[in-house]
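# Chain and residue survey
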Amino acid sequence: MIRVTVNGVTSEHEVEARLLLADFLRHSLGLTGTHVGCEQGVCGACTVLLNGDSVRACLCFAVQADGGEIETVESLGTVDDLHPLQKAFQEHHALQCGFCTPGMLMTGIDLLRKYPLATDAEIREGLSGNLCRCTGYEHLVQAIRSAVEARNES
Ligand code: FES
Ligand code: FES
């Protein structure tokens, strides 16, 4: 039995020891916003926050999140009320097919919370663990830069 708080909701679940955190979120909780690409820790599509740190949900077992707090892309805004970072992605065309987007957003949230991101080089380094097969990197950097400016003004 594990007890987790996911996007502010605490619940308990019987899980197999081998169940991946990504599969737990998607299949047990129905939070399919977390995408699974490479399943080997390379692409970053499955990135979620566990106790405030970005993690690869395809490399964690659900049991490793026992007692923890998880934030997924569903914790951000809604279609009618986008999170500022989602709005920045929309305004700067920072997505194409959207497959990498949940992971990019959650990595972006982690970066915005923890780092000054004073230069584009810092943003690029922060995003370097997330791959976009549509290669929209320039727009991603612009979106994060705009979110950093909004953060710094608030
Ligand atoms: S699916 Fe987890 S890093 Fe690619
Ligand atoms: S927008 Fe298509 S993979 Fe990034």
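Everything that follows concerns the structure shown earlier in this document.
Residues numbered from 1 in each chain as written. Chains lettered and ligands numbered in written order. Predicted model: local features only at pLDDT ≥ 70, side-chain atom pairs only at ≥ 80, totals over all residues. Heavy atoms only, no water.

## Considerations on helix H2 (residues 84-91)
Here is the rule we go by: Exposure classes here rest on a 1.4 Å probe applied to the protein chains alone. A residue is buried below 20% of its type maximum, exposed above 50%, and partly exposed in between. Secondary structure follows DSSP: runs of H or I at least 4 residues long count as helices, runs of E at least 2 residues long count as strands, and numbering of each begins at the N terminus. What the arc measures is the spread of directions leading from the helix axis to the C-beta atoms.
Restricting attention to buried positions, one finds in H2 the residues Leu-85, Gln-86, Ala-88 and Phe-89. Down the axis of H2, the smallest arc covering the buried residues is 160°, so these residues share one side.

## Digging into the pattern of salt bridges
Applicable threshold: The rule for a salt bridge is simple: a side-chain nitrogen of Lys or Arg has to be within 4 Å of a carboxyl oxygen of Asp or Glu.
Tallied over the entire structure, the rule returns seven salt bridges. The partner of Glu-12 in a salt bridge is Arg-3, and the shortest N-O contact between them spans 3.2 Å.

## Points about the pairing of strand E1 (residues 2-6)
So the rule is basically this: Two strands make a pair as long as DSSP finds a minimum of two bridges between them.
In terms of burial, E1 is a largely internal element, four of the five residues being buried. In sequence, E1 turns back onto strand E2 (residues 9-13) through a hairpin of two residues, with Asn-7 there showing a positive phi of about 50°. Judged from the two bridges that link them, E1 and strand E5 (residues 69-71) form a sheet pairing that is parallel. Following the sheet pairing, Thr-5 is matched in E5 by Glu-69.

## With respect to the pairing of E2
Where E1 and E2 come together, five bridges link them in antiparallel fashion. Paired with Ile-2 across the bridge in E2 is His-13.

## Let's talk about the side chain of Thr-72
The cut-off we apply is this: Pairs of N or O atoms within 3.5 Å make up the polar contacts considered here, provided that, within protein, one atom can donate a hydrogen while the other can accept it, and that residues adjacent in sequence are counted only when both atoms are side-chain atoms. Whether two residues are in contact is decided by their heavy atoms, any of which lying within 4.5 Å being enough.
Locating Thr-72 in the fold gives a position in the loop between E5 and H2. Overall, Thr-72 belongs to the buried group, its relative accessible area being 0%. A distance of 2.6 Å separates polar atoms of two side chains, one belonging to Thr-72 and the other to Glu-74. The contacts of Thr-72, once residues within four sequence positions are left out, are Val-6, Asn-7, Leu-25, Leu-31, Thr-34, Val-48 and Met-106.

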